[in-house]
Amino acid sequence: GKPSIYKSSAVYDPRQRPWWRSAEEADGSIGWTTMHELSRKREGEEVHGFSVVRAYYHDGKPEMVAGATLSIAHITDILMRRVTLAAAHRPPDSESCIFIIDDFGRMIASSTGSGDVLCQEASCEGRQLMWHNTSSTLIKDSVASLLQRFPKGLAYVNTSDVNINKTSRYIYSHFRLKSGTTGLDKEQYQSVPDHLASDLRWIIVRAQPISTYKKQIDVEESHAEERRRAALDDLKDALDHKELVTLVLCGCFLVVGAFGLGFISWLVSRRLNRIAREMDHVARLDFDSWNRGQNSHEEVASYPSNATAHKGSPSTHASRIHEIADISKAFQNMKAGLQSFARYMDPYIVQVLVQSGQRAKLGVAKANATVFFSDIANFTSMAEVLEPSVLAGLLGEYLEEMSDIIMEHNGIVGEFIGDEIMAWWNVPWDLGSRHTVMALTAALDQQQRLGRLRQKWSDAGLPEVRARMGLVSGSVLAGNIGSQSRMKYGLVGDSVNLASRLEQLCKRYDVAVLVDSRTCDEEGVRDTFFLRVVDLVTVKGRQEATELCELVACKGQVRGTPLLDMYSDYCSKFAAIHQLYRSRDFQGALEALDAYQQLWPRDKPAQMLRERCTAYVNSPPGSDWSAVEQLLEK
C-alpha cells in the first residue's frame, strides 16, 4: 500500500527504543531485538514483536538505523494459515500445530494462538511465555521430544530433522532459522546476557499425528496382502499341476529310458561336443574356422562308425560331466571374447551386431543425427615434453572420462583418432526429437569434468589440458563402411565434415564448443542453453554460409543465480552487435563493442569483429559487400 504519516505531540526519542540499542550493539551488522512492546498500538491494545535492524555510521557514530518489525500477531496469523494450507488435501486437522521457539525456550509464535505466546494475566501482561508454561500439551510434548534428541539444549538443535514418536503417535519435524552476526559459537551464545543476544536463533517446530498418514498406509498394506495371498494361491495351483505333469513324465521316461538310453547318450554327446567347438570359435571371432568346423561335423555325421577310428581319443570317450564342463568353459571364453571386442567398438553397436543374428555387410542409410568431434588443444606440443608413459596415462584417463560422459547421455563413441573423439547421437537407435539436447548437455558436462581433471593434473605438475569441441545436427549416411573383409560402423556426409571443421575453428575464436545455427534450431536447444552468435562464415570445402554459435552454458544450472543475467547479456548483446555489423553500421558496431569489451575485454570474437569494423570505417566496402567471412584454411 501507500506510506502513511502519523503525527503525535508525544515526546519520542528513537535512541531509547530497543531496536536502536540493538543496532548499536550489532556495530554495523544486521541485528535482531528480543521481543519488545511496539511504540504503535493496534486498536488501543499493546502490540509486541521483533525488529531486525542495521545501523549506518558517520564519523564513528550511528547516523541512521534502518529496519523492519514483525509483530507476534502477524507471525501467528501466518502459522495458522500454514496449518490450513498444509491440510488442504485432507479433512480439517485440529490435532496439528506449528510454533516457533528460541534457543532459551521462549515462545515466539504459535498456530494455537497468542495465548500460548504472551502471558495474558494482569500481573504479567505482555511477558513472553516459556514453552513449559503454555497451555498446549502438544507444544510441551513437541519440545520435550526435541530435548530428548538434543539433551545439551535447544542451542544444539541442528538445521532440520524429522522424528516419529511411536509412544505419542506423533510426527515431529523442525527447522533451524538463524540471522544476525554476533559471531558467537554455541557455548558462548548460551552464556551471553539476554540484552546482548541481538541475533535471531529460532526453531520452527511442526507436530502432526501419525494417524493423518496411517489410514492410507493401512489401505495399501491391505491391498498388498490380498495380492500376496492371491499370488501364493496361483503358485500353489501351478506347483500342483507341475507336480502331476512331472510324475507322468517320469513314468514315461522310466519305461522308454531302458530301451533308448544308449542312443540318446550318443546323440547328446555328439551334439554337445559340436556346440562346445562352435562356441569357442564364436568367442575368438574365428568365423572361418567355425565354418570349416561345421563342414567337418557334417561329414562325421554321415559316418557315425568313424568314432571307432579314434579309439582312445579323450573327446570320443569323454563323460557327459566333462562335456558340460567344456561347454561352460567355452561359454566363458565367448563372453570374454565379446567383452574384449566391445572395447574396440561402442558396446551398443556390438549389441546390435550380436542381436541381429546376421552377417555384417557394406551399406549405409540416410539418418538424422547429431555429430560430435573433440580434441586436446596443443596436444602435439604436450607429447614432445612428456614421457611416453606419462602421456599415455594422461590421455587414457582423459579419453575414458570423456567417453563415459558421452555414453551416460546415450551417445555412441565411434572412434578415437589419437587424442580426437568422434561420437554421435540418434543412430543406430532413434532417441527422439531431443537428441541434440542430449549431445549438447554431454559437451558441457565434459568441459566441467575436464575442469576438475585439469586442476588434478596441474597439482601433479602436468601441463594444462583444454579440449575443443564441435557439434552439428543434420542428415548423415550411417552404416557399415569399408571393404568386404574389413569394415566398421560409422557416419559420412556433409554434417560429419562440418562438425570436424567447427571443432578446428574453436582455436580461431578461442572458444570451447562451437555449433552451427541449424543445430541451435533443433527442438529444445534454445530453451535449454545459452548460445552466442560468433561469426558468419563459409568453411573450407563448402559454398553455403554457416552461422557459428558458441555453446555457453545450460540455463537450468544457473537459474536463480547472478550468472543467469550475465550469460543472457553475454549472448544477446553480442548478437545485437553482429546485427549492426551485418547491416553495414560499422560505426554503431564499434560503439557497442566499446561497452561490450568493458565487460569482457579478452573476448576474441569481439576483438576480431572490432578489427573488421575499424577497417571498414577507414575504408568503406563496396555495394557488393557481404558479411560472410571466407575461410581459406581448415
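Residues numbered from 1 in each chain as written. Predicted model: local features only at pLDDT ≥ 70, side-chain atom pairs only at ≥ 80, totals over all residues. Heavy atoms only, no water.

**Some details on the nonpolar core**
Soluble, globular proteins show a tendency: their nonpolar side chains are buried together.
Reasoning step 1: Counting residues in each nonpolar core, the largest one holds 40 residues, and the members touching the most others are Phe-372, Tyr-398, Ile-421, Leu-471, Phe-529 and Leu-551.
Reasoning step 2: Ranked by residue count, the leading element in this core is helix H11 (residues 435-459), at 9 residues.
Reasoning step 3: If we ignore the near neighbours within four places in the chain, the residues touching Phe-529 are Val-437, Leu-440, Thr-441, Leu-444, Leu-551, Ala-553, Cys-554 and Lys-555.
Reasoning step 4: Counting residues in each nonpolar core, the second largest holds 31 residues, with Met-35, Cys-97, Trp-202 and Ala-207 among its members. (Core = buried A, V, L, I, M, F, W, Y, C linked by side-chain atoms within 4.5 Å. Buried < 20%, exposed > 50% of the residue type's maximum accessible area, 1.4 Å probe, protein only. Helix = DSSP H or I, 4+ residues; strand = E, 2+ residues; numbered from the N terminus. Contact = heavy atoms within 4.5 Å.)

**With respect to the side chain of His-435**
Reasoning step 1: Mapping His-435 onto the fold places it in helix H11.
Reasoning step 2: Reaching out from His-435, the side chain makes a polar contact with the side chain of Thr-370 at a distance of 2.9 Å.
Reasoning step 3: Dropping the residues within four chain positions of it, His-435 is found in contact with Asn-368, Ala-369, Thr-370, Trp-425, Asn-426 and Ser-473. (Polar contact = N/O pair within 3.5 Å; in protein donor to acceptor, adjacent residues only side chain to side chain.)

**Some points on the pattern of salt bridges**
Reasoning step 1: Per the counting criterion, the structure on display carries 22 salt bridges.
Reasoning step 2: Between Arg-526 and Asp-521 there is a salt bridge, with its nearest N and O atoms 3.0 Å apart.
Reasoning step 3: We classify Arg-526 as partly exposed; its relative accessible area is 41%.
Reasoning step 4: Through salt bridges with shared partners, a single network forms among Asp-103, Arg-176 and Arg-201. (Salt bridge = Lys/Arg side-chain N within 4 Å of Asp/Glu carboxyl O.)

**Re the packing of helix H16 (residues 563-582) against helix H17 (residues 586-599)**
Reasoning step 1: Where H16 contacts H17, the two axes come as close as 8 Å, and the packing angle between them is 160 degrees. Taken together, the axes of H16 and H17 are roughly antiparallel relative to one another. The handedness of the crossing between H16 and H17 is left-handed. In this structure, H16 contributes Asp-569, Tyr-570, Lys-573, Phe-574, Ile-577, Leu-580 and Tyr-581 to the contact, and H17 contributes Phe-586, Gly-588, Ala-589, Ala-592, Leu-593, Tyr-596 and Leu-599.
Reasoning step 2: For the contact of H16 with H17, the per-class residue count stands at 11 nonpolar, 1 polar and 2 charged. (Axes fitted to C-alpha atoms, helices over the stretch in contact; angles between N-to-C directions. Parallel < 35°, antiparallel > 145°, perpendicular 65-115°, else oblique. Left-handed = near helix turned anticlockwise from the far one by under 90°. Nonpolar A, V, L, I, M, F, W, Y, C, P; charged D, E, K, R; others polar.)

**Thoughts on the packing of aromatic side chains**
Reasoning step 1: Going through the model one piece at a time under the given rule, you end up with 15 aromatic pairs.
Reasoning step 2: Linked through ring pairs, Tyr-570, Phe-574, Tyr-596 and Trp-600 together constitute an aromatic cluster.
Reasoning step 3: Above the face of the Phe-574 ring, Arg-532 is positioned so that its terminal group lies 4.8 Å from the ring centre.
Reasoning step 4: Lys-555 extends its terminal NZ or CZ atom over the ring of Phe-530, reaching a point 5.5 Å from the ring centre. (Phe/Tyr/Trp six-rings, centres within 6.5 Å; stacked < 30°, edge-to-face > 60°. Lys NZ or Arg CZ within 6 Å of the ring centre and 35° of its normal.)

**Here's the deal with the side chain of Gln-597**
Reasoning step 1: With respect to the element layout, Gln-597 can be found in helix H17.
Reasoning step 2: On the basis of relative accessibility, which here comes to 15%, the residue Gln-597 falls in the buried class.
Reasoning step 3: Dropping the residues within four chain positions of it, Gln-597 is found in contact with Asp-603, Ala-606, Gln-607 and Arg-610.

**Looking at the layout of surface pockets**
Reasoning step 1: Quantified by volume, the second largest pocket comes out at close to 850 Å³.
Reasoning step 2: Those elements that place two or more of their residues in the lining of the second largest pocket are H11, strand E13 (467-482), helix H12 (494-509), strand E17 (546-554), helix H15 (555-558), H16 and helix H18 (604-618).
Reasoning step 3: In terms of residue class, the lining of the second largest pocket is made up of 18 nonpolar, 4 polar and 9 charged. (1 Å grid on protein atoms, 1.4 Å probe; cavity = no way out; pocket = protein on both sides within 12 Å on 5 of 7 lines; lining within 4 Å. Points joined across faces, edges and corners; volume = space filled by probe spheres on them.)

**What about the packing of H12 against H18?**
Reasoning step 1: Where H12 contacts H18, the axes come no closer than 9 Å and their chain directions differ by 70 degrees. Overall, the two elements H12 and H18 adopt an arrangement that is roughly perpendicular. Contacts from Lys-507, Arg-508 and Tyr-509 of H12 reach H18 at Lys-604, Pro-605, Met-608 and Arg-612.
Reasoning step 2: Here the residues of the contact of H12 with H18 are counted per class, giving 3 nonpolar, no polar and 4 charged.

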